[in-house]
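# Coordinates in review
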Amino acid sequence: MAIIELQNVTKDYGNNRGIFTINLSIKPGEAFGFIGTNGAGKTTTIRHLMGFLKPHTGTVKINNLDAWKNAAEIKQSVGYIPGEIAFPDVSTGWNFIHQQAALLQLTDLSYANELVNRLQLDPSANIKRMSKGMKQKTAIVVALMADLPILILDEPTTGLDPLMRAEFIQIIKEEKAKGKTIFMSSHMFEEIEETCDTVAMIKDGKIHTITPISTITSNKSQQFMIEFSNEQDCTRFMQEKFHSIRMNLTTASVTVQNHTLNEFLAILSMYPFNNLTEQKHTLQEYFYQLYAGGPSHD
Amino acid sequence: MINGTIFKQTLRANIKLWLIFTLVLTLLQVVMVSVFDDRMITDIGHMVEGTPLAGFFGQTTLLSMLASTFYAIHGVIFPIIYIIMTANSLIAAQVDRGSMAYLLSTPTKRSTIIVTQASYLIIALVVMFCIETVAGFITLQVFQSDVDVVIADFMMLNIGLFLLMFAISGISFFFSSLCNLSKNSLAFGAGIPLAFFLFQLLSSVDDSLEVLRYFTMNALFDTAAILEGENYWWQFGILLGIGIVLYIASLVVFKRKDLPL
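Residues numbered from 1 in each chain as written. Chains lettered and ligands numbered in written order. Predicted model: local features only at pLDDT ≥ 70, side-chain atom pairs only at ≥ 80, totals over all residues.

### Quick look at the overall build of chain B
Condition: Starting at the N terminus, helices and strands are each numbered in turn, a helix being any DSSP run of H or I of at least four residues and a strand any DSSP run of E of at least two. Just to be clear, the radius of gyration here is over C-alpha atoms, and the globule rule we use is 2.2 Å times residues to the power 0.38. With C-beta atoms placed from the backbone, a residue is labelled by how many other C-beta atoms lie within 10 Å of its own: buried for 20 or more, exposed for 12 or fewer, partly exposed between the two.
Along chain B, the regular secondary structure elements total twelve helices and zero strands. For a compact globule of 261 residues, the expected C-alpha radius of gyration is about 18 Å, and chain B comes in at 20 Å, within 12% of that figure. Seen through its principal axes, chain B has C-alpha atoms that stretch 65 × 40 × 30 Å. Burial analysis of chain B (261 residues in total) assigns 42% to the buried set.

If you want it as structure tokens, here you go:
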């Protein structure tokens, strides 16, 4: 059933570096986010998926084929953006795109052209003189142009400006809607949150949690930060029926169930306050909690 | 097994370097052949008599002069430099830089990449030496038509030199396939051929250093044996064998190793 499956994959480089007993199972059509700090093992895991590295123990399978032994065969259905962009010795972006198309035996470049337009890329530029963002866009075009069913993206938005990142996320959402399986590593929480169904967090080469995004960004309740005009009001507000935590003399953090939002606003309107901000339940927050402590389950 | 797209790209990226080296090698051969003058050699022979250089000029035929100059120094070192630079750029440099990831992210087998790149290097050397040989042959006909030259020996010198370069390219290509870093690939892929060259050179300069002949593969290209009609086929066979074994070994190590891409 799983289209990408890692079973007890270990690659031990010594000194606690490497990845250890990684188990992941990704269903067809799933968008899988992979989050971790620099050096946590994201790229090492992806290199195993691509068949660049041979695991010391365990198996990596894509489409039920061994990622190491059948690496070339698997690539018929995998589009890949490497974590480090280093192009071959070709002159222009178009030359590179055409060369990759030839290697992929792709003759129809209409989708490549569409992506070039959407990302506002100028592939006629000399590839060695391209800016980081331009190179990244070229890599994105090359990975997506063949319309392959599995996408493996290693930090795909590195170097993109915010507008282009938004466009890229839109493109990924469309790819997902087409039914593609997406494996995307990142240290940008927003993009994982917006595109992925499931997120795995990796720390020191071990998977810490695998969680559906929906449970992280749950919207049954909301959290607000209120800054009152004076200390007394804040103290008085703490007596109300809401679940509040006092942050300092004049500030309180309140958790409100969605169905009591009206009531909350009605009560709050009786208090003089300076500021009201919504605290989003983000992946980032979740991630920080995880990194702050908590045992790994391996 | 050879991928046309990769071959074309490799050709495009490497043709300039190849052209320069082929041109230099061919010009050297042409100059060496055309400047030969019986009388001049005899004069120099007298001049350096009693010095370590006497060995170089002791013989006076055109081919023996070429054997101790072009086929011992220029014709050896220039192709070696070409091989070192090219072999490293074909595999190790692309792994080091990371651009190999793009070839391997397509349905291209590692073995296809090795076979394609190795073919390029071998074909480049074959064509380089064909051009050099033809140019040398024409120069012989034009400038030295009055000198008696055994054409078969001239051909054998070139075939022998090519086989030596084939074996050396095997060394450089093997380390290019084995190492993930250019600096390591170059340390061995350049270091070993250059050491062989120096050993061969030193061993021919002074008798006391002759023992170095046993530590260099270049001694298997035995110009004296070719010119004196001794049996040299076994040496050619060994050079060919070394080359083939190293190219096969390149394929095996590259297929099995981890790539940090």
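Text resumes after the structure shown.
### A few points about the overall build of chain A
From N to C terminus, chain A includes eleven helices and 14 strands. The principal-axis extent of the C-alpha atoms belonging to chain A is close to 70 × 45 × 35 Å. Expressed as a percentage of the 298 residues in chain A, the buried residues total 39%.

### What about the domain arrangement of chain A?
Under the convention used in this document: Boundaries of every domain are those given by an automatic assignment or by a domain database.
Assigned domains within chain A: domain 1 (4–213) and domain 2 (221–280). Taken over C-alpha atoms, the centre of domain 1 of chain A sits 43 Å from the centre of domain 2 of chain A.

### Examining the sheet that holds strand S7 (residues 150–154) of chain A
Residue and element names in this part refer to chain A. The line we're drawing: Two strands make a pair as long as DSSP finds a minimum of two bridges between them. Geometry is summarised by axes, namely lines fitted to C-alpha atoms with helices restricted to the contacting stretch, and by angles between N-to-C directions that run from 0 to 180 degrees. For every residue pair, C-beta atoms are placed from the backbone, and the pair is scored as a contact if these atoms sit within 7 Å.
Ordered by their spatial adjacency, six strands build an open sheet running S6-S7-S8-S3-S9-S10, and the pairing between neighbours is mixed. The open sheet has two edge strands, strand S6 (78–81) and strand S10 (206–212), and neither has a second partner. This sheet shows a mean twist of 15° between the axes of neighbouring strands, independent of strand direction. Pairing of S6 with S7 involves four bridges; the strand directions are parallel. Residue Tyr-80 lies in a different strand from S7, and its bridge partner there is Ile-152. The sheet contacts of helix H1 (residues 42–49) involve strand S3 (31–35), S7, strand S8 (181–186) and strand S9 (198–203), and relative to S7 the element is tilted by about 150°. Against the sheet, helix H5 (residues 132–144) engages S6 and S7, with an angle of about 170° to S6.

### Structural notes on helix H10 (residues 182–205) of chain B
Residue and element names in this part refer to chain B. Our working rule: Helix span is expected to be 1.5 Å times the residue number reduced by one. For a residue, the bend is simply the angle between two axes, fitted respectively to the seven-residue segment ending there and the seven-residue segment starting there.
In this model H10 runs 33 Å from its N-terminal to its C-terminal C-alpha over 24 residues, within 8% of the 34 Å that 1.5 Å per residue would give. The largest bend along H10 reaches roughly 25° and is located at Gly-191, with the proline Pro-193 sitting one to four residues downstream. Among the residues of H10, Ser-185, Leu-186, Gly-189, Ala-190, Pro-193, Phe-196, Phe-197, Phe-199, Gln-200, Ser-203 and Ser-204 are the ones counted as buried.

### A look at the sheet that holds strand S4 (residues 57–62) of chain A
All names here are of chain A. Pairing within the open sheet is antiparallel, and its four strands lie in the order S2-S1-S4-S5. Across the chains shown, the open sheet's two edge strands, defined by having one partner strand only, are strand S2 (17–26) and strand S5 (65–66). With two bridges joining them, S4 and S5 adopt antiparallel strand pairing. Each residue of the ladder has a partner; that of Lys-61, found in S5, is Asp-66.

### Description of the interface of chain A and chain B
Put simply, the rule reads: When residues are grouped by polarity, Ala, Val, Leu, Ile, Met, Phe, Trp, Tyr, Cys and Pro land in nonpolar, Asp, Glu, Lys and Arg in charged, and all others, Gly among them, in polar.
Listed as interface residues are 22 residues of chain A and, on the opposing side, 19 residues of chain B. If you list the elements that add at least two residues to the side of chain A that touches chain B, you get helix H2 (71–74) and helix H3 (93–103) of chain A. No other element matches the four residues that H3 of chain A contributes to the side of chain A that touches chain B. Partitioning the side of chain A that touches chain B into residue classes produces 13 nonpolar, three polar and six charged.

### Some remarks on the packing of helix H1 (residues 4–35) of chain B against helix H5 (residues 70–90) of chain B
For any two helices packed against each other, the geometry is given by the interaxial angle and the distance between the axes. Residue and element names in this part refer to chain B. Note the cut-off: Angle categories are assigned with fixed cut-offs, so that under 35 degrees is roughly parallel, over 145 is roughly antiparallel, 65 to 115 is roughly perpendicular, and the rest are oblique.
H5 packs onto H1 with a crossing angle of 175° between their chain directions and a minimal axis gap of 10 Å. When the interaxial angle is binned, H1 and H5 end up roughly antiparallel. Between H1, through Thr-10, Asn-14, Leu-17, Phe-21, Val-24, Leu-25, Leu-28, Gln-29 and Met-32, and H5, the contact on the second element is made entirely by Phe-70, His-74, Gly-75, Phe-78, Pro-79, Tyr-82, Met-85, Thr-86, Ser-89 and Leu-90. Residue classes in the contact of H1 with H5 are distributed as twelve nonpolar, seven polar and no charged.

### What to know about the nonpolar core
Definition in use: Note on terminology: a nonpolar core is a set of buried residues of type Ala, Val, Leu, Ile, Met, Phe, Trp, Tyr or Cys, with members joined through C-beta atoms within 7 Å.
Leu-49, Ile-140, Val-141, Ile-152 and Phe-183 of chain A together with Leu-164 of chain B are the most contacted members of the largest nonpolar core, which totals 139 residues. No other element matches helix H9 (residues 151–178) of chain B, which puts 14 residues into this core. Those residues in contact with Ile-140 of chain A that sit more than four places away from it in its chain are Ile-81, Leu-115, Leu-119, Pro-156 and Phe-168 of chain A. Among the nonpolar cores identified, the runner-up in size contains six residues, and Ile-226, Phe-237, Ala-252 and Val-254 of chain A belong to it.

### Details of helix H12 (residues 233–256) of chain B
Across its 24 residues, H12 of chain B extends 35 Å between first and last C-alpha, which sits within 8% of the 34 Å expected from 1.5 Å per residue. The set of residues buried in H12 of chain B consists of Leu-239, Gly-243, Leu-246, Tyr-247, Ser-250 and Phe-254 of chain B.

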